[in-house]
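Letter by letter, the chains look like this.
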Amino acid sequence: MKKLFSIKKIPTSLWKQPSDNCYYPSSFVLCVNNRTATSINSSITARGSIQQRNFKTRIGTFQELNYYFTNFQKREYSTMIASDTNGITTGASTDTDVSSIPKRPVIQIDYRNKVILAPMVRVNGLPFRRLAAQYGADIVYSEELVDKKLLKCKPVYNEKLKTIDYISEKDKSIVYQVEVVDKDSDSPTASQKVPTVLQLGTSSPEIALKVAELMIDGYDAIDVNMGCPKKFSVKGGMGSALLRPENQENALEILRTLVKGIQEKYGKPVTCKIRLLDSPEQTLELFEKLQNTGVTAICVHARYIPQRPREKAHSHLIEPISKIAKVPLIANGDVFKPEDIERVKSVTGCSSVMIARGAMWNLSIFRKEKVLLDKLEVAKILLDEFIKYQYPAGLSKYIIKRMFETHAKTNLYKRLVGCKGYDDLHKAIHFNDGEDLNSKELSIEQITSIPEDDDVLPITSYQSTTTVTEPFTKKQKYQ
Ligand SMILES: Cc1cc2nc3c(=O)[nH]c(=O)nc-3n(C[C@H](O)[C@H](O)[C@H](O)COP(=O)(O)O)c2cc1C
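Residues numbered from 1 in each chain as written. Predicted model: local features only at pLDDT ≥ 70, side-chain atom pairs only at ≥ 80, totals over all residues.

1. Examining helix α14 (residues 393-403)
Part 1 of the argument: When you tally the buried positions in α14, you get nine out of eleven residues, the bulk of the element.
Part 2 of the argument: Residues of α14 that are buried: A393, G394, L395, S396, K397, Y398, I399, R402 and M403. (Buried ≥ 20, exposed ≤ 12 C-beta atoms within 10 Å, placed from the backbone. Helix = DSSP H or I, 4+ residues; strand = E, 2+ residues; numbered from the N terminus.)

2. Thoughts on the confidence of the model for the chain
Part 1 of the argument: This prediction gives the chain a mean pLDDT of 78; 72% of its residues lie at or above 70.
Part 2 of the argument: In the model, residues 1-64 has pLDDT below 50 throughout and makes 123 contacts with residues more than four positions away in sequence or in other chains.
Part 3 of the argument: Considering only residues more than four positions removed or in separate chains, one finds that residues 72-97, a stretch of pLDDT under 50, has 77 contacts. (pLDDT = per-residue confidence, 0-100. Contact = placed C-beta atoms within 7 Å.)

3. Considerations on helix α3 (residues 126-135)
Part 1 of the argument: Within α3, nine of the ten residues are buried, which leaves the element mostly enclosed by the surrounding structure.
Part 2 of the argument: Taken together, the buried positions of α3 are occupied by L126, P127, F128, R129, R130, L131, A132, A133 and Y135.
Part 3 of the argument: A positive phi of about 135° marks G136, the residue just after α3.

4. Things to note about the nonpolar core
Part 1 of the argument: Core analysis: the biggest nonpolar cluster contains 111 residues, and A132, A137, I222, I298, I330, V353 and I355 have the highest contact counts within it.
Part 2 of the argument: Not counting chain neighbours up to four residues away, the residues in contact with A132 comprise L117, A137, V140, A359, L363 and F366. (Core = buried A, V, L, I, M, F, W, Y, C linked by C-beta atoms within 7 Å.)

5. A look at the sheet that holds strand β5 (residues 153-158)
Sheet strands pair via backbone hydrogen bonds, and the direction of the pair is either parallel or antiparallel.
Part 1 of the argument: The strand order β5-β6-β7 describes an open sheet built from three strands, whose pairing is antiparallel. The two strands at the open ends of the sheet, each matched to only one other strand, are β5 and β7 (174-179). Strand-to-strand twist in this sheet, taken as the mean axis angle between neighbours without regard to direction, amounts to 20°.
Part 2 of the argument: As paired strands, β5 and strand β6 (residues 163-168) are joined by six bridges and run antiparallel to one another. Residue pairing in the sheet places Y157 in a bridge with I164 of β6. (Pairing = 2+ DSSP bridges. Axes fitted to C-alpha atoms, helices over the stretch in contact; angles between N-to-C directions.)

6. Here's the deal with the pairing of strand β12 (residues 329-332)
Part 1 of the argument: Burial along β12 is two-sided: the face carrying L329 and A331 and the face carrying I330 and N332 are both buried.
Part 2 of the argument: Pairing geometry for strand β11 (residues 297-304) and β12, over four bridges, is parallel. Considered in β12, the bridge of H301 is made with N332.
Part 3 of the argument: Read as a crossover between parallel neighbours, the route from β11 over helix α10 (residues 319-324) to β12 is right-handed.
Part 4 of the argument: This β-α-β element, β12 to helix α11 (residues 338-348) to strand β13 (residues 352-355), shows right-handed connectivity. (Right-handed = clockwise from strand over helix to strand, strands pointing away.)

7. Focus on the sheet that holds β13
Part 1 of the argument: The strand order around the closed barrel formed by eight strands is β3-β4-β8-β9-β10-β11-β12-β13, and the pairing between neighbours is parallel. With strand direction ignored, the average angle separating the axes of adjacent strands in the sheet is 30°.
Part 2 of the argument: Set on the sheet, α11 makes contact with β3 (115-117), β12 and β13; between it and β13 the angle comes to about 125°.

8. Observations concerning the environment of L117
Part 1 of the argument: Here L117 lies in strand β3.
Part 2 of the argument: Sequence separation of L117 and I355 is 238 residues, and the distance between their C-alpha atoms is 5.3 Å.
Part 3 of the argument: With sequence-adjacent residues up to four places away left out, L117 is seen in contact with N124, R129, A132, A137, V140, Y141, I355 and A359.

9. A few points about the environment of K183
Part 1 of the argument: One can find K183 in the loop between β7 and α5 (190-193).
Part 2 of the argument: Residue classification places K183 among the exposed residues on the basis of 10 C-beta atoms within 10 Å.
Part 3 of the argument: Note: C-alpha distance between K183 and K103 (80 residues apart in sequence) is 8.4 Å.

10. Describing the packing of α3 against helix α13 (residues 375-388)
Part 1 of the argument: Between α3 and α13, whose axes approach to 9 Å, the crossing angle comes to 135°. Taken together, the axes of α3 and α13 are oblique relative to one another. When you trace α3 past α13, the crossing you get is right-handed. Listed contacts from α13 to P127, R130 and L131 of α3 are I381, L382, E385 and F386.
Part 2 of the argument: Grouping the amino acids of the contact of α3 with α13 by side-chain chemistry returns five nonpolar, no polar and two charged. (Parallel < 35°, antiparallel > 145°, perpendicular 65-115°, else oblique. Left-handed = near helix turned anticlockwise from the far one by under 90°. Nonpolar A, V, L, I, M, F, W, Y, C, P; charged D, E, K, R; others polar.)

11. Some details on the pairing of β7
Part 1 of the argument: With six of its six residues buried, β7 lies for the most part within the structure.
Part 2 of the argument: Taking the residues between adjacent antiparallel strands as the criterion, β6 and β7 are bridged by five residues, where K172 takes a positive phi near 65°.

12. Some thoughts on unusual backbone geometry
Both trends apply: most residues other than glycine have a negative phi, and most peptide bonds are in trans.
Part 1 of the argument: Even without glycine at this site, R122 takes up a positive phi of about 70°.
Part 2 of the argument: If you trace the backbone, R122 turns up in the loop between β3 and α3.
Part 3 of the argument: Even without glycine at this site, D334 takes up a positive phi of about 60°.

Here you go:
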């Protein structure tokens with residue numbers, strides 16, 4: 001019988017870069033500093049085994065293996081045991097010279113006439129932002145990330161994926177991931193060209209500046225979340241708490257500090273995202289002060305602070321703001337179809353719009369052709385991106401499930417609910433039972449599965465809402 005595993009010890013000095021045409025291992029084991037592989041075995045095999053079946057030669061374990069090789073080597077572990085079905089060993093060769101990591105060079109961002117991917121906690125990881133950019137989003141936002149959490153992260157360069165991963169020192173999860181841009185490259189990808197905005201949750205000018213400066217190579221612009229209405233956020237003085245009269249001076253100080261310390265010093269724009277205040281006068285008065293801080297652009301989510309997403313947006317209330325705006329104004333709220341983009345522009349007087357749920361439900365909303373693609377096809381491409389970037393299966397399921405909350409009464413949705421890993425997700429969206437999804441699309445009012453706290457839960461307090469078993473992981477783990 002053919003031996004399935006041939007395990008070899010490879011000293012770091014002998015590691016070699018796996019080439020694209022090398023044999024794709026069907027499984028692998030690593031041994032770190034002569035500790036047995038079993039201590040790290042579960043996460044490795046969990047990830048490795050996900051891809052054993054369907055993805056073998058496309059995106060499978062080769063990338064997985066290379067990811068571990070690159071990152072383990074960087075962390076100066078001395079010995080690796082790798083195995084593949086033929087006993088062919090592969091490994092990474094060079095140490096990363098951090099000073100030579102390509103950065104995201106400063107680019108001019110024009111916020112006028114843009115269609116923008118809104119920040120969405122748990123959704124806007126790199127794979128989702130990449131696909132939005134590929135479809136045609138002009139600017140993409142990260143999810144809201146809390147400054148104190150980012151402060152405890154360390155940047156690590158992932159050579160294979162060409163990303164900077166900001167790794168939590170506490171639990172080694174990847175808190176934020178961004179592509180680097182090689183300025184000498186002739187062919188940057190769409191998502192390398194599209195500006196990435198890092199959205200901060202903060203209540204402190206000093207911490208905000210410190211984090212923004214530490215991460216300066218990992219974003220193209222920085223945004224302050226001033227709209228989140230949830231308890232944990234407002235309790236910490238963040239989000240919509242910054243819009244309260246007693247905190248407005250602090251909000252302005254955060255922006256002034258970032259404008260001086262980031263925008264003027266490094267040329268990377270500073271912006272903020274707010275909601276409507278109780279009266280038009282209050283909103284206008286605050287808006288005037290915000291734009292006088294020197295920020296490059298302001299986004300207004302056309303809902304009052306306590307309003308939930310399922311309540312209709314008051315787009316017309318943005319129009320008076322557009323009359324006094326001296327900086328580009330971005331309108332946000334209720335863009336669900338390509339034709340809504342023009343509608344919101346004309347109602348609000350804004351030339352730019354920002355889309356959240358409309359993008360979550362079908363990322364092809366950003367297509368310049370203004371025609372949505374079949375969302376099942378979009379889901380297939382998105383799943384491929386998740387796998388390529390080793391995005392946690394639990395989060396991937398969460399996003400794909402939310403994508404189809406517009407179809408919560410379908411067999412497809414039921415299949416998604418039962419998924420336990422990438423394999424299941426792949427099967428669920430590739431299985432064809434001839435179901436007519438179009439006829440089963442729910443109206444916005446009918447969509448009941450939107451978790452109430454969704455527009456507010458920051459990654460720091462992320463709790464999986466799905467019941468998952470191995471190989472699901474709640475966070476994007478850096479091992
Ligand atoms: C899943 C989800 C997560 C969100 N996370 C954030 C966030 O991190 N920061 C933020 O400012 N707004 C967040 N929001 C609010 C959206 O950015 C947007 O303001 C709101 O959904 C209204 O836009 P829409 O009508 O296009 O959905 C989130 C919304 C959703 C649906």
